[in-house]
Amino acid sequence: QAATTQAATTQAATTQAATTQAATTQAAAMNGTQAAAMNGTQAAAMNGTQAAAMNGTQAPVTGAAPTPQAGRAAEPGYSTGVNSQSHYENEGYDGWYNNLAHPDWGGADMPLTRRVDPAYADGVYHPSGGSRPNPLDISRTVMKGETGHMSYRNKTALMTFFGQQVVEEILDAQRAGCPPEYFNIPIPTGDELYDPTSEGGKELPLRRGRYSFNTGYAPNVPREQLNEITPWIDGGLVYGTTKAWADALRSHSNGTLACDDPNCRFPRRNDLGLPLANPPPPADHFLKPVQRFFMLGNPRGDENAFLLTMGVFWFRVHNYYARWIENQANWTSDERIYNRARQWTIAVHQKIVFYDWLPIFLGLPNDRAPEYPGYQRAVHPGVTHIFQSAAMRFGHTLVPPGVARRDKKVKNCTVYKSTEHTAPRDHGRRGVRTCNSYWNPQDAVEETDIDMLLMGMASQITEREDNIITPDLRGSVFGPLEFSRRDLMAVNIQRGREHGLPDYNTARRNYNLKSVTCKKDINPQAYNESDPNYGNLTHMRDAIDRFVQLHRNHTEHPYEGPVECNIFNQTYEGDNVNLVGKDPTFNDMDIWPAGLLETLTTGPGELFGTVILDQFVRIRNGDRFWFENRENHLFTDEERDIIWKTSFADLIKKVTGIEDDDIQDNVFLHIDGDPCPFHFQINETMLEECTPQKTFDYYSGSEGPYIATFVCLGLWVVFLVGLLVFLAKHRQRSQRVKVITKTKSKSRRTKVDMVPQDMQPIGEATELMTDEGEREINVYLMTQPKLELVISDEIGRKLRVILLESARGLELWPAHNDLELILVRVNHDYDLIMRFQSEASRQEFIQALQTGLQPTRVPVNIMQQFGKEYIRNHAITRKVRQSLVEDFLREVFARAAQPSRSVHMGGGSGDGERRKVTEQVLEFELSKREFADSMGMKENTLFVEQMFRMADVDQSGYVTFRELLDLLIIFNKGSAEEKLRLMFDLYDIDNSGSLEKDEFIRMTKALLEMVNTSMTTERVNEMISGLFAARGFQQKDNLTFEDFKILMADQKETLQGLQGTVSGLPAGGDPAPSSKASGGAAAIAARRARAYTATVNDRRATIVKAYQGSSVKQEPARSVETPEETEVEKPPDIPDNAVRRVWIRYVRFVENYRLQIFWTFMFHLVTILIFCERAYYYSVEREYAGLRRIAGYGVTITRGAASAMAFTYSIILIPMCRNTITVLRETALNRFIPFDFLHGFHKHIALTALFYTLMHMIGHSLNFYHIATQNPDDLTCLFRDFYHFSDELPKFTFWCYHTLTGVTAILLVIVMAAIYVFAIPYARRYIFTWFWNTHKLYIFFYFLLVLHGCGRLVQAPLFYFYFLGPACIFAVDKLISASRNRVEVGVVKAEILPSAVTGLYFKRPTTFDYKSGQ
């Protein structure tokens, strides 16, 4: 049943997590029941023993506890068998449910108790004491001095360090809070310890402590710090404060704790990895594995060798009782033996602490503690802020700079000197130096066992009760790596301010003590000349003088009045004290230094003594499991008597090899006659020096991995690009042989235009197609049948032909600053830009071209003054040429529609620009390819060839402005006969002047194909034969023009009314042509009949005469040879102002793409809002978390970008739901959503996602740097889901390669780079399969995205919030696609059509149901 009760009791830990009203309950208790208790028991005690002690007298204590008998205590007996059979409750570990009415009272990790008024600067949480002097100045002023003075009462060092383990038993509020809040101490410039070089600007780091999140948000609930352990004396430093921790310490055999050695001298090593405190030892200044420590109940039990000695001692005490109980009670249950041994260990500890140690520590009269009044359930045991931050730190003044180890009396009490193992820098000294044993305690303990340390501490007199603190604490206590030594006294002062403690006088009034009004009031004993120690207290009076003067010098208006106490008058008004003529200096003093200056020769002064006694009385009286409480049935009267008789010395002798003659009965005092007295008092000069303060750069060691990581990621992208180019080139080379073979075979069957095999190129280069990329080419100079420059691919297919016969010259622009680059320009084609392999190759090309063109009339001009950038900026690319073609055609059609239109050039803002365009148009020559593109037809069609032949009157291979204008005027304004003549010439393929029937049939079929009319050859022949028969031409194979007019007689009226439709002209058409215009068309037709024999100038003169007739205005004839005299009018819808033209293009673009613009805008608006929401959250709402304070606004950017990425990478799936889009396209939604734009929208989303991804990566590159520079404790606080060994510094490699978030981030970048690189147009063009296969990595990509968020590095996963909806839709859509049949179809034909349209022809399967969008 005891085990069952224990199990039920241990549920308090779970209940504790749910209990959030602890602070409120505790505060109520403090205002109610506890206050009553304070007015009762504690007040009575204060009025008796303590008050008398404060006045320096020795008053007897009524009803004091019995004095322990000398000699060995009796062993625990079980003769009565009472408790062996009785039912009793085992005490829990976490302190909960000790008080059944208030289960949280005394619970672990509960707020500290306030017995003094909070004095936060803002009333809520901001530290107090902002107007007080620097804590380091106070420490130097008050607590600096010569050490090595013996205690006035001969208190031993064992008493001092036993007191430290008492504090560790009831109080632990040292752990820093989360998020980290720094309350650093400014270091005065030139400080002897921390700034000897007077650099200035330094601070001693101090993080604020943990506090209850239920407090600190309003003045009525100020911040309350937490006590992480129970305030009960319940064996927490032996067993821990949780059941799990206690179980980890057990051997689970015979009720004992686990041992490290066969003789069970030491606890088990920490091979389980318990989270013991493991700061860096300042003597070594590097982190060590936590496994070196012994497993103790106290996480900080390995701080120093003396505290560890206490931990090992109580470990042995438990095992002693377990073995004794097992032998005497004949119990076999491990659980039962363990719990009973634990009860005995706790009981003797309670007795020794309260009745043996506390009276000596406080200097109580007759060394007697107050009588136990019985269990008082209304008393709150909580540790107070003033006890934690000030009063109990009185023990610091007693700490010696080191401890001497000694041997037994039989060995002459020999002092064991330090060895190289414990003092490698300066061994052979008399003791273990306190400052150099921090967090290296096992060295000294294992070297001599705890026996020598216990005997040494029992013989060594501790430091004097005064204001002077050993340098081992005042300046050389341990700190973090970045500040290995700190001033604990300054930390004490700063900690009191951080906890919101009020000033010294307020604290005294809260404890019903008189306010201090002058220096004498602080320590009356020091100023009492009749006191026997008056002469020894000079240092105390001097310290008080310096302390008061420091405060006066620090105030803005220092007090300059009298300082004698008798001039002050005190009046009391309730709890408030009004001081007439008071010195304000005493109303703004920190409690810790002022209370320390109260110190008496017997112990702590009035304030600290009151606070400490009050605390221990409440702990005892409020503990239901106190060993004296008969109501808990834990012990019989006989067993309690045994406990009363057990002393600390008795236990030492039981668990060590120390015997009666080796140690005194009262180990807390060493008086005359006690064994092995030390005839020296240890001070710091007898010991090795403390190692100096050191700093540490947490980023050290991260430089290489940081740089290498980002460089490798960049090189990965470069590698992918290189792989892309290599694969593309390799594919081209691997297919070249196949293509050559296939092309040669095809060229014999079809009309594939190939370069003759026996021709040698004059140059091999890379064409820099500035609009389309690059390609490898060969350049040929052909003189037969025409003079032309042929550009082919590497297998000989013609890619481009530049006619040179009619060229006015050939210009070569070799770049003078790029010896491989050259531009080739002719006047009627776009430029050819090439890069050769070397300068020699380029020179060979130039020489071959000059040599080949030398017999011709085409001059070669070499321009030497141009550079690479000039060539690139002034080259006439295909795009520029296309723009000129558009201007050319627009003007030709406009002039064809209105032959008489003209306007004087000049006076407008765009006069120079219009003149330049006019000159370009008049000089422009249209190639056959450009002619075909303008008609939307292929270059090699019969109709295009005939039309171009008709337009190219001078047979130069290019159509000029006048030649095309002549043709269009006749077609648009000519008579029916003139149009028939054009048609006859069009049908006359061989230019014989007569029309053969076969020519008529071929041209008719070409016209039918042009209008997308499909008709078989038989049907065409039948139709034409019928037409010939109707006119009586059955027997004629050749038709003259007269015959052709008869044949087309029925179409004469249609031809008469036929006019060319000129796109781009204003609606409504043009005015009907005048007779003069028609006459002009007739003249043009007559002139074209003589075209092949007349000169060009004669033909143009005739055209000019035809244009002179106008129904609007008669103007003198002008020469058309000089562009300056030509008057051109722009179409009425093209404004002269360039800005307005841009505006019109913009308006038309918006009109055409308004839906796309709207949805793109909405997409970016939502994305930006998502980004801003997260950015605001982490910049403002999560400012308290501290991450932004460390990482800067980089975390703001990365968090916003992360959410934007989550949205974009989710929504990108929607445009790829093709089945869903196909269905929605046929609904009314198609009017509002441009479903045909979704593929482009998919790419737009991808680019947006890439943008936010790059932003996220760049932000994290900064964040990782900042994080890698931080204290590991801060990082553990900020990233609570990520754990690392306490000896491991979480550098950049940890966050990047040892966390799920970091590893998945690296993999995501690798996968994403592959997807994006192989998605560029170049990859899709040359290695489409790689594009398709890398895009299939999206499944792995999304898997990594989910894992990346599950890492919870900064926040809970949010990706699923955006991803689930689109993912479900996409998955269903894919299932629909997978459910359909897939049939392989053969491609019948593939060709590139005009306007870069790819024509793909395949036989449609009979079961294929075509829908829009497929």
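The structure displayed is predicted, hence computed values, not measured ones.

### Re empty space enclosed by the protein
Item 1. Applying the stated criterion across every chain yields a total of 11 cavities of 30 Å³ or more.
Item 2. Its boundaries defined by the atoms lining it, the largest cavity holds a volume of some 720 Å³.
Item 3. As for the largest cavity, its lining consists of 39 residues, and the residues nearest its centre are R1199, H1256, H1260, T1301 and H1348.
Item 4. Sorting the residues of the lining of the largest cavity by element identifies α22 (703–749), α40 (1194–1211), α42 (1238–1268), α44 (1292–1297), α45 (1300–1317), α48 (1338–1350) and α49 (1359–1378) as the ones contributing at least two each.
Item 5. Per-element accounting of the lining of the largest cavity gives the leading share, seven residues, to α45.
Item 6. A breakdown of the residues in the lining of the largest cavity according to their chemical character gives 25 nonpolar, 12 polar and two charged.

### Some remarks on the packing of helix α7 (residues 157–170) against helix α10 (residues 305–329)
Item 1. Running from N to C, α7 and α10 point in directions that differ by 70°, and their axes come no closer than 9 Å. With respect to their mutual orientation, α7 and α10 come out roughly perpendicular. Between α7, through L158, F161, F162, Q164, Q165 and E168, and α10, the contact on the second element is made entirely by F306, L307, M310 and W314.
Item 2. Looking at the contact of α7 with α10 residue by residue, the classes come out as seven nonpolar, two polar and one charged.

### Quick notes on the pattern of salt bridges
Item 1. One pass over the full model with this rule turns up 56 salt bridges.
Item 2. Its salt-bridge partner being R132, residue D590 comes within 2.8 Å of it at the nearest N-O pair. With D590 in the loop between β12 (576–580) and α18 (591–596) and R132 in the loop between β1 (110–111) and α6 (135–142), this pair connects stretches of sequence that are 458 residues apart. Across the pair, exposure class does not vary: D590 and R132 are buried alike.
Item 3. Close ionic contact of D590 with R497 constitutes a salt bridge, the shortest N to O distance being 2.7 Å. Pair noted here: D590 is in the loop between β12 and α18 and R497 is in helix α14 (residues 488–498), with a separation of 93 residues, a long-range link. R497 shares its class with D590; the two are buried.
Item 4. What you see here is one network of salt bridges that share partners, running through K243, D247, R250, D334 and E335.

### With respect to the packing of aromatic side chains
Item 1. On inspection of all chains with the given rule, the structure shows 66 aromatic pairs.
Item 2. Ring geometry for Y1322 versus Y1326: centroids 4.8 Å apart, planes at 55°, classification tilted. With a gap of four residues between them, Y1322 and Y1326 both fall in helix α46 (residues 1321–1326), about one helical turn apart.
Item 3. Overall, the relative accessible area of 27% leaves Y1322 in the partly exposed class.
Item 4. By relative accessible area, Y1326 is classed as buried at 15%.
Item 5. A connected cluster of aromatic rings, assembled from ring pairs, spans F162, F313, W314, W357, F361, F387, F394, F616, F648 and F668.
Item 6. The side chain of R342 reaches across the aromatic face of Y239, ending 5.4 Å from its centre.
Item 7. Here the basic side chain of R800 rests over the ring of Y830, its NZ or CZ set 3.5 Å away from the ring centre.

### Brief notes about the side chain of D302
Item 1. Topologically, D302 is positioned in the loop between α9 (243–249) and α10.
Item 2. Buried D302, no salt bridge; nearest opposite-charge side chain is R269, N-O distance 7.3 Å.
Item 3. Each residue touching D302, except ones within four places of it in the same chain, is listed here: L276, F293, F294, L296, L308, W439 and P441.

### Topic: the nonpolar core
Item 1. Counting residues in each nonpolar core, the largest one holds 158 residues, and the members touching the most others are F162, F313, W314, W357, F616 and F648.
Item 2. Looking at which element gives the most residues to this core, the answer is helix α11 (residues 334–362), with 16 residues.
Item 3. Not counting chain neighbours up to four residues away, the residues in contact with F616 comprise V166, I170, V353, F354, W357, L358, F387 and M392.
Item 4. In terms of nonpolar packing, the next biggest core, distinct from the first, is built from 35 residues, A1201, I1212, F1235 and Y1362 among them.

### Some points on unusual backbone geometry
Item 1. Going from C178 to P179, the amide bond is cis rather than trans, its omega being 0°.
Item 2. Residue position: P179 is located in the loop between α7 and β2 (185–186).
Item 3. Positive phi outside glycine occurs at S198, with the angle close to 55°.
Item 4. Located in the positive-phi region is H633, a residue other than glycine, with phi close to 60°.
Item 5. Looking at where H633 falls in the secondary structure, it is placed in the loop between α19 (606–621) and α20 (637–645).

### Digging into α11
Item 1. Taking 1.5 Å per residue, 29 residues should reach 42 Å; α11 reaches 40 Å between its end C-alpha atoms and fits that length.
Item 2. Of all the bends in α11, the greatest, near 35°, is centred on V353.
Item 3. Across the 29 residues that make up α11, a large majority, 27, are buried.
Item 4. In the stretch just after α11, G363 is the one whose phi turns positive, near 75°.

### So, the packing of α11 against α20
Item 1. Between α11 and α20, the least distance of the axes is 9 Å, while the angle of their chain directions is 50°. Accordingly, the angle class assigned to the pair α11 and α20 is oblique. Remark: the crossing between α11 and α20 carries right-handed chirality. When α11 is examined against α20, the residues R340, W344, A347, V348, K351 and Y355 are found in contact with a partner set consisting of E639, I642, I643 and W644.
Item 2. Looking at the contact of α11 with α20, its residues break down into seven nonpolar, no polar and three charged.

### Section: the environment of F696
Item 1. Take F696: it is sitting in the loop between α21 (648–655) and α22.
Item 2. Judged by relative accessible area, which is 26%, F696 ranks as partly exposed.
Item 3. A C-alpha to C-alpha distance of 9.8 Å links F696 and N1271, two positions 575 residues apart in sequence.
Item 4. Not counting residues within four places of it along the chain, the set of residues in contact with F696 comprises H285, L481, E482, L1289 and K1291.

### Some words on the side chain of S139
Item 1. Relative to the elements of secondary structure, S139 occurs in helix α6.
Item 2. If we ignore the near neighbours within four places in the chain, the residues touching S139 are K144, R474, D487, M489 and A490.

### Here we look at the state of the cysteines
Item 1. Overall, the coordinates contain four disulfides when judged by the stated rule.
Item 2. Between the sulfur atoms of C435 and its disulfide partner C690 the distance amounts to 2.0 Å. Looking down the S-S bond of the C435 and C690 bridge, the torsion is -105°, so its handedness is left-handed. Here C690 lies in the loop between α21 and α22 and C435 lies in the loop between β8 (432–433) and α13 (441–459), a separation of 255 residues in the sequence.
Item 3. Using a relative accessible area of 0% as the deciding quantity, one classes C435 as buried.
Item 4. The exposure class assigned to C690 is buried, which follows from its relative accessible area of 18%.

### Focus on the pairing of strand β15 (residues 788–792)
Item 1. In terms of burial, β15 is largely enclosed, as five of its five residues are buried.
Item 2. Here β15 shows two buried faces, one formed by E788, V790 and S792 and the other by L789 and I791.
Item 3. Of the pairings in the sheet, the one linking strand β14 (residues 773–782) to β15 comprises five bridges and is antiparallel in character. In the sheet register, N778 faces β15, and the bridge partner there is S792.

What counts as what
- Residues numbered from 1 in each chain as written.
- Predicted model: local features only at pLDDT ≥ 70, side-chain atom pairs only at ≥ 80, totals over all residues.
- Heavy atoms only, no water.
- 1 Å grid on protein atoms, 1.4 Å probe; cavity = no way out; pocket = protein on both sides within 12 Å on 5 of 7 lines; lining within 4 Å.
- Points joined across faces, edges and corners; volume = space filled by probe spheres on them.
- Helix = DSSP H or I, 4+ residues; strand = E, 2+ residues; numbered from the N terminus.
- Nonpolar A, V, L, I, M, F, W, Y, C, P; charged D, E, K, R; others polar.
- Axes fitted to C-alpha atoms, helices over the stretch in contact; angles between N-to-C directions.
- Parallel < 35°, antiparallel > 145°, perpendicular 65-115°, else oblique.
- Contact = heavy atoms within 4.5 Å.
- Salt bridge = Lys/Arg side-chain N within 4 Å of Asp/Glu carboxyl O.
- Buried < 20%, exposed > 50% of the residue type's maximum accessible area, 1.4 Å probe, protein only.
- Phe/Tyr/Trp six-rings, centres within 6.5 Å; stacked < 30°, edge-to-face > 60°.
- Lys NZ or Arg CZ within 6 Å of the ring centre and 35° of its normal.
- Lys, Arg positive; Asp, Glu negative; His and termini not counted.
- Core = buried A, V, L, I, M, F, W, Y, C linked by side-chain atoms within 4.5 Å.
- Expected span 1.5 Å × (residues − 1).
- Bend = angle between axes of the 7 residues up to and from the residue.
- Left-handed = near helix turned anticlockwise from the far one by under 90°.
- Disulfide = S-S within 2.5 Å.
- Pairing = 2+ DSSP bridges.

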